[in-house]
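Given next are the chains, with one letter for each unit.
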Amino acid sequence: MATVTQIDSSKRWAMLALGVFAQASSAVFVHGTPFLLPALTDRGLPLATAGLLVSMPTIGLVCTLIAWGYVVDRIGERKVLVAGPALMLVAGVAAATVSDYATLGVLLFLGGMGAASTNGASGRVIVGWFPPERRGLAMGIRQTAQPLGVGIGALSIPTVAAAHGFSTAVLVPALMAGVAAISCLIGIVDPPRPEAAGAQGKPANPYRGDSTLWRIHVVSVLLVFPQATLWTFALLWLHRDVGWSLPVAGAVVTGTQILGAGGRIGAGIWSDRVGSRLRPLRTVAIAAVISMSALAFTAWMGWWWLAIAALIVACVITVTDNGLAFTAVAEIAGPYWSGRGLGIQNTGQNLTMAMVAPTFGALITVAGFPAAYLLAAVIAMAAIPLVPTDPKN
């Protein structure tokens, strides 16, 4: 098997592209399904029931992230990057053929289970094949898969559903996942893994006797609050408080997603240049607190143009920690534990995101948007002293 230094550079970047595509297909399945709400309600389905149905992929994803990480640690990345998207394909095609909503919910749940596979596996391919001085850039590019997938879903699924019906629209993420499965089968090569150095040849548990990984997980959960707050409520704030039309507000939010994708890549390049993921992570946490506080203050004062500028800055800053923390977990956990480590990382973040919408929505109802922005800043502030220092080699 080729080593990291021996593999051809074009092959390395090709595998990164496949990892991004596989992760984007998962994002389309999980985050694109809510765009089916109009088609479901047009069928006469109550909004609450339709909302539950489109949330099933997310539930399936959260329930199986750690399990997929364990499988990656045991059998390798390539098999998982084929099996997970293949499950999405089968579940999606089956979902397009059923009319019973209970069965549809089960199939969407199974598709979400398949989508969970790409989170850790694609990250492991990048960490395994890219040298340390290029991992930040590579992982930053990989982190753009989520907004890319959301964008693909937003552009395609509602349009297809309106023109050809619900069943055809469900096939969009399913077929994309099928292409991902075939592509990964052909193009992914499991990166080399060193001999296990633990007792009796078993890999040592990086969570024992060292709090570094747990601290990174907690920091990431705390920093998700401002990110999720902006993702969930920025559009509504621009429309309701600022007074912009929904198309204009939507265009601004879409623009922040594009800038945020660039910010993730920039943060990765930064971490490569300074030779650390955790020092930039601490700086990003501080910047998140400052930007969210500025947004809260300017929104409270009604200084709309300053508040909009603060919103754009905050939207970029609050997503740049994702790739830094993800790369740090993979590097510190090592090749025999990073699958589980990344599974824990993503589970905590997804559960937090699910919690933000109802709890912060209730706060906004009582106290307004500035209060929610301020609370997100305070929560992010708690992350700053928890960011660990770089472990000594």
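Residues numbered from 1 in each chain as written. Predicted model: local features only at pLDDT ≥ 70, side-chain atom pairs only at ≥ 80, totals over all residues. Heavy atoms only, no water.

Visitor: Mind showing me how you'd approach the packing of aromatic side chains here?
Guide: For any pair of aromatic rings, geometry is given as the distance between the ring centres together with the angle between the planes. Throughout the structure, instances matching the rule amount to ten aromatic pairs. Ring centres of phenylalanine 297 and tryptophan 300 lie 6.3 Å apart, and the angle between their planes is 50°; this geometry places the pair in the tilted category. Of the two residues, phenylalanine 297 and tryptophan 300 are both situated in helix α12 (residues 278-301); the distance of three residues between them amounts to about one turn of the helix. On the accessibility criterion, phenylalanine 297 (42% relative accessible area) is partly exposed. With centroids separated by 5.5 Å and ring planes inclined at 85°, the aromatic side chains of phenylalanine 297 and tryptophan 303 adopt a geometry described as edge-to-face. Accessibility expressed as a relative area gives 40% for tryptophan 303, which makes it partly exposed. Counting every residue linked through ring pairs, the aromatic cluster contains Trp237, Trp304, Phe369 and Tyr373. Looking at arginine 12, its charged tip hangs above the ring of phenylalanine 130, at a distance of 5.8 Å from the centre. (Phe/Tyr/Trp six-rings, centres within 6.5 Å; stacked < 30°, edge-to-face > 60°. Helix = DSSP H or I, 4+ residues; strand = E, 2+ residues; numbered from the N terminus. Buried < 20%, exposed > 50% of the residue type's maximum accessible area, 1.4 Å probe, protein only. Lys NZ or Arg CZ within 6 Å of the ring centre and 35° of its normal.)

Visitor: What am I meant to see in the packing of helix α10 (residues 212-240) against helix α14 (residues 321-333) here?
Guide: Describing two packed helices takes the angle between their axes plus the distance from one axis to the other. Relative to each other, α10 and α14 sit at 165°, their axes nearing to 10 Å. Between α10 and α14, the angle is such that the two are roughly antiparallel. Once α10 is placed against α14, the crossing between them reads as left-handed. Residues Thr212, Leu213, Ile216, His217, Ser220, Leu223 and Gln227 of α10 form the contact with α14, whose participating residues are Asp321, Asn322, Ala325, Ala328, Val329, Ile332 and Ala333. For the contact of α10 with α14, the per-class residue count stands at eight nonpolar, five polar and one charged. (Axes fitted to C-alpha atoms, helices over the stretch in contact; angles between N-to-C directions. Parallel < 35°, antiparallel > 145°, perpendicular 65-115°, else oblique. Left-handed = near helix turned anticlockwise from the far one by under 90°. Contact = heavy atoms within 4.5 Å. Nonpolar A, V, L, I, M, F, W, Y, C, P; charged D, E, K, R; others polar.)

Visitor: I keep staring at the domain arrangement of the chain and nothing clicks. Help me out?
Guide: Many analyses report the size of an interface as the accessible area lost when the parts associate. In terms of domains, the chain is made up of domain 1 (9-187) and domain 2 (211-386). Relative placement of domain 1 and domain 2: their C-alpha centres are 22 Å apart. With 26 residues of domain 1 in contact, the opposing surface of domain 2 contributes 29 residues. Overall, the association of domain 1 and domain 2 removes approximately 2,300 Å² of surface from exposure, summing both partners, and the carbon and sulfur fraction of that is 65%. Between domain 1 and domain 2 we count two salt bridges in total. Where domain 1 packs against domain 2, one counts nine residue pairs in polar contact (both at pLDDT 80 or more). Contributions of two or more residues to the side of domain 1 that touches domain 2 are made by α3 (47-75), α6 (117-129), α7 (132-142) and α8 (145-164). (Domains from an automatic or database assignment. Buried area = accessible area lost by both parts, 1.4 Å probe. Salt bridge = Lys/Arg side-chain N within 4 Å of Asp/Glu carboxyl O. Polar contact = N/O pair within 3.5 Å; in protein donor to acceptor, adjacent residues only side chain to side chain.)

Visitor: Any chance you could explain the pattern of salt bridges here in plain terms?
Guide: Once their charged atoms are close, side chains differing in charge can pair, the charge on each being opposite to the other. Applying the stated criterion across every chain yields a total of seven salt bridges. Between arginine 340 and aspartate 73 there is a salt bridge, and its shortest N-O distance comes to 2.7 Å. On the criterion of sequence distance, the pair formed by arginine 340 in helix α15 (residues 338-367) and aspartate 73 in helix α3 is long-range, its members being 267 residues apart. Grouping residues by exposure puts arginine 340 and aspartate 73 together as buried. Between arginine 279 and aspartate 390 there is a salt bridge whose closest N-O contact spans 3.9 Å. With arginine 279 in helix α12 and aspartate 390 in the segment after α16 (369-381), the pair connects residues that are 111 residues apart, well separated along the chain. A relative accessible area of 33% places aspartate 390 in the partly exposed class. Here the salt bridges do not stand alone but share partners, grouping Asp73, Glu77, Arg124 and Arg340 into one network.

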